[in-house]
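What follows is each chain in one-letter form.
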Amino acid sequence: MNPMEGQVQARTLPIVWEGKPPRQRVGLALGGGAARGLAHIGVLEVLEEADIPIDCIAGTSAGAIAGGLYASGFTTAEMRKEVQKLNWLEVASFGIPRMGLLNFDKAAQWIEDLLRDRPNTFEELSIPFAAVAADIVRGELIAINTGKLSAALRASSSVPGIFTPTRMGDRMLVDGGTLNNLPVSVARRLGADYVIAVDLLPPGRVGNKEPGNVMELTVTALYMLMRSTHNEGAEADRVIMPAIGHLSLFDMGHKEELMEAGRAAAQSIVPKIKQDLGL
């Protein structure tokens, strides 16, 4: 017997609005990529210039930092200014290598300093936001959307083996990219009807030279694994992928190039986004 016999097949009819239809809620899914996260600033600039509304943001690792600062009210101009003086010594320090080669406590303090006169809890943010981390013991994906923002951004960015994990309650949290480096599904759970994903791990080589030390080797291997197994780009409505595959994940010496690559990639796809959204 045909299983469809006796059943009414559902079909979706086009909706004709008498008035102006309500716009779709737009969400961003910002991926991780260490130093490449600076490209997110260029993308955000272009979306602002094109008047693309942003209703919620989900971010992993570097994407969590960019998205969290933006959700707290930082303008892209302010973000550009802050990263000009950014280097790894600002956010990490060498310590006893028990759980990581670098102590990442300075990252939380750096974010605390940035947010001194800004909202530093999720409940105060102007845009709904979630930072994606991973519970290294339970193997669970953790979408943090409550409590202190600075602690959540540190947790989401704690690359295992390089940076010390973050304790949050009874959890030991590490970089969310170990389970989901492009959190489209989290953006949808935040209420997005339409998701724009920003992927910082394009296919091909990871950087244009061999890793020079154990930190570069570990991060390069980890991000290669993330790219091959943990990417929800196909589930996004549009994906912005800056042409930054030739740049090292650890090199902070190409800040302008990274931000401009983000701008160029966003500019190429904004017309399609505006068409999709009827803007």
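Residues numbered from 1 in each chain as written. Predicted model: local features only at pLDDT ≥ 70, side-chain atom pairs only at ≥ 80, totals over all residues. Heavy atoms only, no water.

## Here's the deal with helix α9 (residues 255-277)
1) Next: Taking 1.5 Å per residue as the helical rise, α9 with its 23 residues ought to reach 33 Å, and the 31 Å between its terminal C-alpha atoms agrees with that figure.
2) Next: If you look at α9, its biggest bend is around 40 degrees, right at Ile269, and the proline Pro271 turns up within four residues after that.
3) Next: Next to the buried residues of α9 lie β1 (26-30), α1 (39-49), α3 (76-83), β10 (194-198) and β11 (238-240).
4) Next: Phi turns positive one or two residues past the end of α9, at Gly278, with a value near 70 degrees. (Helix = DSSP H or I, 4+ residues; strand = E, 2+ residues; numbered from the N terminus. Expected span 1.5 Å × (residues − 1). Bend = angle between axes of the 7 residues up to and from the residue. Contact = heavy atoms within 4.5 Å.)

## A word on the packing of aromatic side chains
Both the distance between ring centres and the angle between the ring planes are used here to describe each pair of aromatic rings.
1) Next: This model, assessed by the stated rule, comprises one aromatic pair.
2) Next: When the ring of Phe122 is compared with that of Phe129, the centres are 5.8 Å apart and the planes differ by 5 degrees; the resulting orientation is stacked. We note that Phe122, like Phe129, is buried.
3) Next: The residue whose ring lies beneath Arg118 is Phe74, and the NZ or CZ to ring-centre distance is 4.1 Å. (Phe/Tyr/Trp six-rings, centres within 6.5 Å; stacked < 30°, edge-to-face > 60°. Buried < 20%, exposed > 50% of the residue type's maximum accessible area, 1.4 Å probe, protein only. Lys NZ or Arg CZ within 6 Å of the ring centre and 35° of its normal.)

## Section: helix α2 (residues 62-71)
1) Next: For α2, the buried fraction is high: nine of the 10 residues fall into the buried class.
2) Next: Those residues of α2 lying buried are Ala62, Gly63, Ala64, Ala66, Gly67, Gly68, Leu69, Tyr70 and Ala71.
3) Next: Within two residues after α2, Gly73 carries a phi angle of roughly 110 degrees, on the positive side.

## Some points on the nonpolar core
Nonpolar side chains in soluble globular proteins tend to be buried together.
1) Next: Ranked by internal contacts, the top residues of the largest apolar core, which has 55 residues, are Leu47, Ile52, Phe129 and Ile196.
2) Next: At nine residues, the largest contribution of residues to this core is made by α9.
3) Next: Aside from chain neighbours lying at most four places away, what touches Ile52 is Val26, Leu47, Ile196, Ile273, Lys274, Leu277 and Leu279.
4) Next: Counting 13 residues, the second-largest nonpolar core is a separate cluster that includes Leu182, Val184, Val186 and Ala192. (Core = buried A, V, L, I, M, F, W, Y, C linked by side-chain atoms within 4.5 Å.)

## Some thoughts on the pairing of strand β2 (residues 56-60)
1) Next: With five of five residues buried, β2 lies mostly within the body of the structure.
2) Next: Of the pairings in the sheet, the one linking β1 to β2 comprises four bridges and is parallel in character. Residue pairing for β2: Ala29 is matched across the bridge by Ala58.
3) Next: In terms of handedness, the path from β1 via α1 over to β2 forms a crossover that is right-handed.
4) Next: Alignment of β2 against strand β5 (residues 129-135), held across four bridges, turns out to be parallel. Note that in β5 the partner of Thr60 across the bridge is Val132. (Pairing = 2+ DSSP bridges. Right-handed = clockwise from strand over helix to strand, strands pointing away.)

## Concerning the environment of Ser268
1) Next: Along the chain, the position of Ser268 falls in helix α9.
2) Next: The sequence separation of Ser268 and Ile240 amounts to 28 residues, and the corresponding C-alpha distance is 8.7 Å.

## Regarding the packing of α2 against helix α6 (residues 149-156)
1) Next: For the pair α2 and α6, the least separation of the axes is 8 Å and the interaxial angle reads 160 degrees. The pairing of α2 with α6 is recorded here as roughly antiparallel in orientation. As α2 packs across α6, the resulting crossing turns out to be right-handed. Side by side, α2 and α6 meet where Ala64, Ile65 and Gly68 of the first sit next to Leu149, Leu153 and Ser156 of the second.
2) Next: When grouped by side-chain class, the residues that make up the contact of α2 with α6 number four nonpolar, two polar and no charged. (Axes fitted to C-alpha atoms, helices over the stretch in contact; angles between N-to-C directions. Parallel < 35°, antiparallel > 145°, perpendicular 65-115°, else oblique. Left-handed = near helix turned anticlockwise from the far one by under 90°. Nonpolar A, V, L, I, M, F, W, Y, C, P; charged D, E, K, R; others polar.)

## Describing the pairing of β10
1) Next: Here β10 lies mainly inside the structure; five of its five residues are buried.
2) Next: Relative to β10, β1 runs parallel, the two being bridged by five bridges. Across the sheet, the residue bridging to Ala29 is Ala197, located in β10.
3) Next: Pairing between β10 and β11: three bridges, direction parallel. Of the residues in β11, the one forming a bridge with Ile196 is Arg238.

## Examining unusual backbone geometry
1) Next: Phi is positive for Ala34, close to 55 degrees, though the residue is something other than glycine.
2) Next: Of note in this structure, Asp51 is not a glycine but carries a positive phi near 60 degrees.
3) Next: Relative to the helices and strands, Asp51 is located in the loop between α1 and β2.

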